[in-house]
Amino acid sequence: MSKLVSVIIPCYNAEKYVEEAVRSIMKQTYLDLEIIVIDDCSTDRTNEILQSLSLEDSRIVFLRNETNLKLIKTLNLGISISKGKFIARMDADDISEPARLVEQVDFLTKNLDYGVVGTFGNIIKENRIIGKFVKPITDWEIKRELYFDSPFIHPSVMVRREIMENYDANFYQVEDYALWVKLSKKTKFYNIPNALINYRILDTSETKKSQADHLFRHSTLKSVYNYLFDLNGIKLDDAELDQYTYSMFRPNFCKVKPLLLKKVYKKINRAQNDWKFMMRISERWFGTFILASHTSNDLFVYFLSKYTYIGFFSLIYSRLRYVFN
């Protein structure tokens, strides 16, 4: 199972957590690694910490960008210099469990038709576990999830080199999501159902910032959904695409027009032709019904729609299954 794994860790002003993050990779039970750490012109002690770690472990490839390239260009730089058969992601503020990489290499070695493998995770704040981070497991479930959200914990992912693509700067802050959409046409996906990464929640993270800016978040998600629908032959006009995106992001539920959204969901369900997908999309519909204010005409549409009742019973079923499992 000795195949070189390139672990790419972009770093920017991460002095508080970066040593623990990098050491969690240094301590992996899988040993055949190159650990590519790239300091993107940090203004704190990140550069100093990374230099010190590189002197401890010859597997560390340390670079410092001459200018602040931001995340996407820094990731693509890491990919361009990597030499491994497998490319693994890691963030400068998360912690990988010791068996993470060995389990991922083992899976990809035994399942040659799979090209991307992620894991479940723990959600941590400071040094305390505050929840579980669960994603869909099978290829079919993961590809269905693409219609709703990113199906992987990004810093948990390992990808075969031969299918790896650069991250696209046109999808800023959803660059990983867009990559999974693209790779969905090239390979099979899997998530190992073990918590092999501790994913840190920070109020200053890029994801938190983008979610706080509702207009920007709508724009980024819309770009991914447009890409997804184009790849899968689903034709939506701009207004329909807006409606779908509003229904996928709770702060924008108030902008949903149920009559138009119903038309959009009908198109997508017809293309999917799957009852589990129908249940999932109906849950979103029911969410817009419950959490947004409506005119009397809107309520009339909701009460006459099958999505309202399917969504209600699907949510009840999901909750009961969660409680009894």
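Residues numbered from 1 in each chain as written. Predicted model: local features only at pLDDT ≥ 70, side-chain atom pairs only at ≥ 80, totals over all residues. Heavy atoms only, no water.

Colleague: Can you lay out the nonpolar core for me, pointing to particular residues and giving the numbers?
Modeller: Counting 53 residues, the largest nonpolar core has V116, Y147, W180, F229, Y244 and I268 as its most contacted members. Counting only elements with at least two residues in this core, the list comes to β2 (33-39), α3 (70-81), α6 (175-183), α8 (214-231), α9 (238-248), α10 (258-272), α11 (275-291) and α12 (296-304). If sequence neighbours within four positions are ignored, V116 has contacts with L108, F152, V157, M158, V159, I163, W180, L183, T187, K188, F189 and Y190. (Core = buried A, V, L, I, M, F, W, Y, C linked by side-chain atoms within 4.5 Å. Buried < 20%, exposed > 50% of the residue type's maximum accessible area, 1.4 Å probe, protein only. Helix = DSSP H or I, 4+ residues; strand = E, 2+ residues; numbered from the N terminus. Contact = heavy atoms within 4.5 Å.)

Colleague: I'd like a rundown of the pairing of strand β6 (residues 114-125), residues and numbers included.
Modeller: Extensive coverage of β6 is indicated by the burial of 11 of its 12 residues. When β6 meets strand β9 (residues 188-200), the two strands line up parallel, connected through 10 bridges. Its bridge partner lying in β9, I123 is registered against Y199. Sheet topology note: the β6/strand β7 (residues 128-133) ladder contains 5 bridges and is antiparallel. Residue pairing in the sheet places I123 in a bridge with G131 of β7. Connecting β6 to the next strand, β7, in antiparallel fashion are 2 residues, including E126 with a positive phi near 55°. (Pairing = 2+ DSSP bridges.)

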